[in-house]
Amino acid sequence: MDKLPTHNEVVVARFRPRMRRRWNFKYLSLLCLCGIYLTAQSTSRIVFVHDESTSLPAHAEEALHQCKMLSVKPGPPDNFHRRSQSDRFVKGTPPTLLRNASVWTGDSAGYELRDVDILLDKGIIKFVGQGHQGLLHGYSNLVTVDVGGKWVTPGIVDMHSHLGVDSLPFLAGSSDTNSLKGPILPWLRSLDGLNTHDDAYRLSISGGVTTANVLPGSANAIGGQAFVIKLRPTTERSPSSMLLEPPYTINDTQVDPTLPPRWRQMKHACGENPGLIYGNTRMDTFWAFRQAYDEARKFKEKQDDYCAKVFTGRWDGLGDFPQDLRLEALVDVLRGRVKVHVHCYEAVDLDDFVRLMNEFHFPLAAFHHAHEAYLVPDTLKRAYGNTPAIAMFATNARYKREAYRASEFAPRILAENGIDVVMKSDHPVLNSRYLLYEAQQAHYYGLSADLALSSVTSVPAKVLGLDHRIGFIREGYDADLVIWDSHPLAIGATPTQVWIDGISQLQNPYVSAKPLAFQTAPSTPNFDKEAAAAIKYEGLPPLSTRSPTTNVVVFTNVGSVFSKIGMEVQQVFSASSAGLGVAIVKAGELICYGPHTTCLHYVTSNEVEWSDLDGGSICPALVSYGSPLGLEEIHDEKSTRDGVVLDPLVDRIPGVLNGSEVIRAVDGLLFATRDALLAYRAGVTSAVTAPASNGLVAGLSTIFSTGAAHGLQAGAVVQDVAALHVSISHRWSGSPSVSTQIAALRNLLLHSNDGTPFNQAAKGEIPLVVETANVDIIVSLLKLKAQVDTNTGSNIRLVISDAAEAHVLSKELAAAGVGVIMSPSRPFPEDWQSHRILPGPPLTNDSAISTLLDHGVTVGIGILEPWSARSTRFDIAWAALESDGKISKAQALALASTNLEKLLGATAQGDLVVTRGGTILDFEAKVVGVISQSRGLFEWI
């Protein structure tokens, strides 16, 4: 049976009275338990029946309890909010008073409080409001922190993480994200692989993350059970001690029968991932789902039949309560006691899963990734029981086909349809240290400020079934809070302190001064038209530009102008107290800028197009480097890519290449890819791209226009050849050793024929860019440079890219004249050869970029994946903001323009970018146009 008897299914009780019969204690206990059960059943009248001719079995009390608990929904005990101490309280933790705080509470009835005090004690929030005289009575060892009006938020909750199971640095011995033992594995538990030595815990805490839902991977249709953890280290040092409200049976087999169960979490996946792993189609995957749930349903019915007999006293031949470790978790799903999290991208998968839910009658907590969810809100609302939340990235997209129609406007569109939005990291896919940045970007593209902050605090707490204790700043909630150095939606917002369970997590945190304007939420641009187009064109809106109506465009209310002076970027105009300025563009050339009186004489006819920049700016266009931008459309689809270069150390090179031909990226360029066009619309008008390689030699990079329609268009290829690229690293078991790779590079540089790329690099005619993260490899490269320079009498123009550990050798790199491209700009200890990063504030005073610049090293920034090219403007803004004033706006712009041109041998570009509402570094600004002197035109974005 699918359920217990309903209100109209009455079973009559018949007890034979015996006046002098004594009721034993066991029987009284059973009646008490039955009474508890009946109280819990508001819609049914099930009466316990007992025939006294039948003796009660020894397990009767246990069986009745088990059956009674099947219908009890998970949640906190009724008295939870009367607790005086957290179950995670660490004895000896001093109480803490935060004074003069600006508080974002998470409560929709009043998100913001000003000039309030927060008292933390016994691991919970004891008070929020205006402190009174008696508040601190009895506290002798109180720690007082004057927040000084800064923002305090609940701790960030990452609802999709692989912290601890996909550990950093990556090592084969600690890879526990996926099992490949079959597509249906509900009995597996991420807890059983949770590594307490993951370097990312500390880094994530430094980004304000206090809680994470650790999911199994997405290789399987049902990957197993997830567990929610607090990230702080514990004195026990065990995975179990990190858990937040795990099922009682995890840590204690003696369960209090009066307590409701706790929520469980489970990972499902559909679409490409489980299909590719097992060679299945979507049809196969959903058949596997249906088989699994059909088996679980039958087992549930077996349990329900058993309990029907228990409740009606039919004990004859009734054995133990049916249990099966393989099925018990899925049966709990069918009973509505599990928060199911489903990795699903496309409309077809979302629709499939909604039908599955309705077929087997179970609710869903959230669809994760769900790149097409914004296109099918009505489908989501047909889900069984409730509309699932959507847990998503802000801009990470197009890495595979099912992510191709993603939109940066999806969060706002879903919210406008009344669907809960969660921003997540999928750590280590994205570094969860910067999960707040996902919320910031969602806000930039139109999600309201409160919903953006809720998307990483209160909403994931609610979806996880933990909003009774985390996700809000309320009295009685866990003391998980973050003080931010600026408004949490301001770019570069960084914690100055983090508390988890009332324990401060940052020892002597480093703080960078931020502009006063950063203490308020940014007033982001209007993207209404773009969001509407995303829906109209099902995620693929046209990305074309348009020409002005005249040859002359006059920009008014200009706040600043930046220009290239030689190979440097300088601010050449800034609005003064006299007011904003004007700039005039004619035939793709900026012919005048400055106060109105300086330039208006250039306007000699009525054939002029006027545009108000509202305090906007004009600056040099940005350059992208480091990803295969322009060489691929969809990374996981081979037909959309140029492909991978053969490795001369391990591959057999075809004779037609003569064994020594160096590949040129220009020969494989793909124009008008969506990532390239989106980058163009974000002010990145050119890219330096090298051939894709998994080995030693990549080849010769090219420079192309990201806005070009095809390779024959004027200005499409800016420079056929820029630099020679190689890569030296520890790759995989059995690959050539690092020493072998260095020896091969030495031979190529010293013994290549005249005029060949390696000979040119040895003579300093073209730059040699070596991709490596490891400081020891960089030392070997510096020695190699010195050797080759001595032998040739030249100077190799050596550049280190990736460079995660390059900061260790800042002085030596500067002395050798070696430049550095930080890719990514905020380093990440992904593997052993990059684990010695300089993380920057709040963990260290300086960042890797500021340290290298301080020593005189020429530094550029790079990216790893094409989708992130559009966010280059925010990457350089972040570098400046965490430098504590050491990097000016002009120097920040140089990181992604003139510095890259110097390092990569690029001819200086003359493109300029026009922004409205602020500079290209600001969240308030929107790119509205490109001035191209080389092409003699201006384009509206």
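To keep things clear, this report deals only with the structure shown in the data block.

Turning our attention to the environment of His341. As for its placement among the helices and strands, His341 is situated in strand E10 (residues 338-344). When the C-alpha positions of His341 and Ile229 are compared, they lie 16 Å apart, and in sequence the two are 112 residues distant.

A word on the nonpolar core. Within the largest apolar cluster, 179 residues are counted, with the highest numbers of intra-cluster contacts made by Phe353, Phe367, Leu749 and Leu813. Setting aside residues up to four positions removed in sequence, Leu813 forms contacts with Ile778, Leu782, Ala806, Val818, Val820, Leu852 and Val857. With 17 residues, the next largest nonpolar core counts Leu98, Ala101, Val128 and Val152 among its residues.

What follows concerns the pairing of strand E18 (residues 568-574). Relative to E18, strand E17 (residues 552-565) runs antiparallel, the two sharing 6 bridges. Note on E18: the bridge partner recorded for Lys564 is Val569. Here E17 folds back onto E18, and the loop between the two strands holds 2 residues, one of which, Gly566, carries a positive phi near 65 degrees.

Our next topic: empty space enclosed by the protein. This structure, assessed with the given rule, holds 10 cavities of 30 Å³ or more. A volume near 150 Å³ is recorded for the largest cavity. Looking at the largest cavity, it is lined by 19 residues, and the ones nearest its centre are Glu245, Pro247, Trp263, Arg264 and Gln265. For the lining of the largest cavity, the secondary-structure elements that each account for two or more residues are strand E8 (222-230) and strand E9 (264-269). Element by element, the count of residues in the lining of the largest cavity is highest for E8, at 4 residues.

This part is about the sheet that holds strand E27 (residues 702-705). Strand order in the open sheet formed by 4 strands is E22-E24-E27-E28, and the pairing between neighbours is mixed. The open sheet is flanked by strand E22 (622-625) and strand E28 (717-719), the only strands paired with a single partner. Taken pair by pair, the neighbouring strands of this sheet meet at an average axis angle of 30 degrees, ignoring direction. Examined bridge by bridge, strand E24 (residues 684-689) and E27 share 4 bridges and lie antiparallel to one another. Residue pairing in the sheet places Ala687 in a bridge with Phe704 of E27.

This brings us to the sheet that holds strand E29 (residues 724-727). With respect to topology, 6 strands assemble into an open sheet ordered E26-E29-E30-E31-E32-E33, the strand pairing being mixed. On the outer flanks of this sheet lie strand E26 (697-700) and strand E33 (859-861), each paired with one strand and no other. When strand polarity is set aside, the average angle formed by the axes of neighbouring strands in this sheet is 20 degrees. Where E29 and strand E30 (residues 768-772) come together, 4 bridges link them in parallel fashion. When the bridges of E30 are listed, His725 appears paired with Val769.

Moving on, we come to the pattern of salt bridges. Where charged atoms from two side chains of opposite charge approach closely, those side chains can pair. Tallied over the entire structure, the rule returns 51 salt bridges. Of the charged contacts, one joins Arg382 and Asp351 as a salt bridge, the two residues approaching to 3.7 Å between their closest N and O atoms. One end of the pair, Arg382, is in the loop between helix H9 (377-380) and strand E12 (389-392); the other, Asp351, is in helix H8 (residues 347-360), and 31 residues separate them in sequence. The structure contains a network of salt bridges with shared partners spanning Arg83, Asp87, Arg88, Lys230, Arg232, Glu245, Arg469, Asp478, Asp480 and Asp501.

We now examine the side chain of Ser218. When you line up the elements, Ser218 lands in the loop between strand E7 (209-214) and E8. In terms of polar contacts, Ser218 uses its side chain to reach the side chain of Asn273, at 2.7 Å. Not counting residues within four places of it along the chain, the set of residues in contact with Ser218 comprises Asn178, Lys267, Ala269, Asn273, Pro274 and His343.

Let us now look at a nonpolar patch on the surface. On the surface, Leu649, Val650 and Trp732 cluster together to form a nonpolar patch covering roughly 260 Å² of accessible area. When its relative accessible area of 43% is taken as the criterion, Trp732 is described as partly exposed.

Moving on, we come to helix H11 (residues 435-444). In terms of burial, H11 is largely enclosed, as 10 of its 10 residues are buried. For H11, the full list of buried residues reads Leu435, Leu436, Tyr437, Glu438, Ala439, Gln440, Gln441, Ala442, His443 and Tyr444. A positive phi of about 125 degrees marks Gly446, the residue just after H11.

What follows deals with the packing of aromatic side chains. Within a pair of aromatic rings, the relevant descriptors are the distance that separates the centres and the angle that separates the planes. Tallied over the entire structure, the rule returns 25 aromatic pairs. For the ring pair Phe555 and Phe938, a centre distance of 5.6 Å and an interplane angle of 65 degrees mean the geometry is edge-to-face. With a gap of 383 residues between them, Phe555 in strand E17 and Phe938 in strand E36 (residues 937-940) connect regions that are remote in the sequence. Phe938 matches Phe555 in its accessibility class, with the two residues each being buried. Geometrically, the ring pair formed by Phe938 and Trp940 is edge-to-face, given 4.8 Å between the ring centres and 85 degrees between the ring planes.

It is worth spelling out the state of the cysteines at this point. For the structure on display, the rule yields 3 disulfides. One disulfide bridge connects Cys270 with Cys344, the sulfur atoms lying 1.6 Å from each other. In this pair, Cys270 is assigned in the loop between E9 and helix H5 (272-278) and Cys344 in strand E10, connecting sequence segments 74 residues apart. This pair shows no difference in class: Cys270 is buried, exactly as Cys344 is. What pairs with Cys592 in a disulfide is Cys599, and their sulfur atoms sit 2.0 Å apart. Here the S-S torsion is close to -80 degrees, and the disulfide linking Cys592 with Cys599 is therefore left-handed. We note that Cys592, like Cys599, is buried.

The side-chain alternation of strand E14 (residues 481-484) yields two buried faces, one formed by Leu481 and Ile483 and the other by Val482 and Trp484. With 4 bridges joining them, E14 and strand E15 (residues 495-500) adopt antiparallel strand pairing. If you follow Trp484 over to E15, its bridge partner there is Pro495.

So, about the packing of helix H6 (residues 282-311) against H8. One way to put it is that H6 packs onto H8 with a least axis distance of 11 Å and a crossing angle of 15 degrees. One element, H6, and the other, H8, form an angle in the roughly parallel class. By crossing handedness, the relation of H6 to H8 is classed as right-handed. Residues Arg282, Phe286, Phe289, Arg290, Tyr293, Asp294 and Arg297 of H6 form the contact with H8, whose own contacting residues are Val348, Asp349, Asp352, Phe353, Leu356, Glu359 and Phe360. Class assignment of the residues belonging to the contact of H6 with H8 gives a composition of 7 nonpolar, no polar and 7 charged.

Side chains three or four residues apart in an α-helix point the same way, a direct result of the helix having 3.6 residues per turn. Across the 10 residues of helix H2 (residues 60-69), 7 count as buried, placing the element largely inside the fold. Considered for burial, the residues of H2 that qualify are Ala60, Ala63, Leu64, Gln66, Cys67, Lys68 and Met69.

Between Ser823 and Pro824 the backbone carries a cis peptide bond, its omega angle lying at 5 degrees. Checked against the element boundaries, Pro824 lands in the loop between strand E32 (819-822) and helix H21 (848-854). Cis geometry marks the peptide bond from Pro841 to Pro842; its omega dihedral reads 10 degrees. Backbone geometry at Asn508 places phi at a positive 50 degrees, although glycine is not the residue there. Within the secondary structure layout, Asn508 lies in the loop between strand E16 (503-504) and helix H14 (528-536). Its identity as a non-glycine residue notwithstanding, Ala587 has a phi of 50 degrees, on the positive side. Turning to its location among the elements, Ala587 is positioned in the loop between strand E19 (581-586) and strand E20 (589-594).

Next up on the list: the packing of helix H17 (residues 738-751) against helix H19 (residues 775-792). For any two helices packed against each other, one specifies the inter-axial angle together with the distance between the axes. H19 packs onto H17 with a crossing angle of 20 degrees between their chain directions and a minimal axis gap of 11 Å. Compared by their axis directions, H17 and H19 come out roughly parallel. With respect to the hand of their crossing, H17 and H19 are arranged in right-handed fashion. Across the interface between the two elements, Val738, Ile742, Leu745, Arg746, Leu749 and Leu750 from H17 touch Ile777, Ser780, Leu781, Leu784, Gln787, Val788 and Asn791 from H19. Class assignment for the residues of the contact of H17 with H19 results in 9 nonpolar, 3 polar and 1 charged.

The rules behind these values
- Residues numbered from 1 in each chain as written.
- Predicted model: local features only at pLDDT ≥ 70, side-chain atom pairs only at ≥ 80, totals over all residues.
- Heavy atoms only, no water.
- Helix = DSSP H or I, 4+ residues; strand = E, 2+ residues; numbered from the N terminus.
- Core = buried A, V, L, I, M, F, W, Y, C linked by side-chain atoms within 4.5 Å.
- Buried < 20%, exposed > 50% of the residue type's maximum accessible area, 1.4 Å probe, protein only.
- Contact = heavy atoms within 4.5 Å.
- Pairing = 2+ DSSP bridges.
- 1 Å grid on protein atoms, 1.4 Å probe; cavity = no way out; pocket = protein on both sides within 12 Å on 5 of 7 lines; lining within 4 Å.
- Points joined across faces, edges and corners; volume = space filled by probe spheres on them.
- Axes fitted to C-alpha atoms, helices over the stretch in contact; angles between N-to-C directions.
- Salt bridge = Lys/Arg side-chain N within 4 Å of Asp/Glu carboxyl O.
- Polar contact = N/O pair within 3.5 Å; in protein donor to acceptor, adjacent residues only side chain to side chain.
- Patch = residues over 30% accessible without salt bridge, like charges linked within 9 Å, V, L, I, M, F, W, Y side chains within 5 Å.
- Areas by Shrake-Rupley, 256 points an atom, 1.4 Å probe, with all protein chains shown as cover.
- Phe/Tyr/Trp six-rings, centres within 6.5 Å; stacked < 30°, edge-to-face > 60°.
- Disulfide = S-S within 2.5 Å.
- Parallel < 35°, antiparallel > 145°, perpendicular 65-115°, else oblique.
- Left-handed = near helix turned anticlockwise from the far one by under 90°.
- Nonpolar A, V, L, I, M, F, W, Y, C, P; charged D, E, K, R; others polar.

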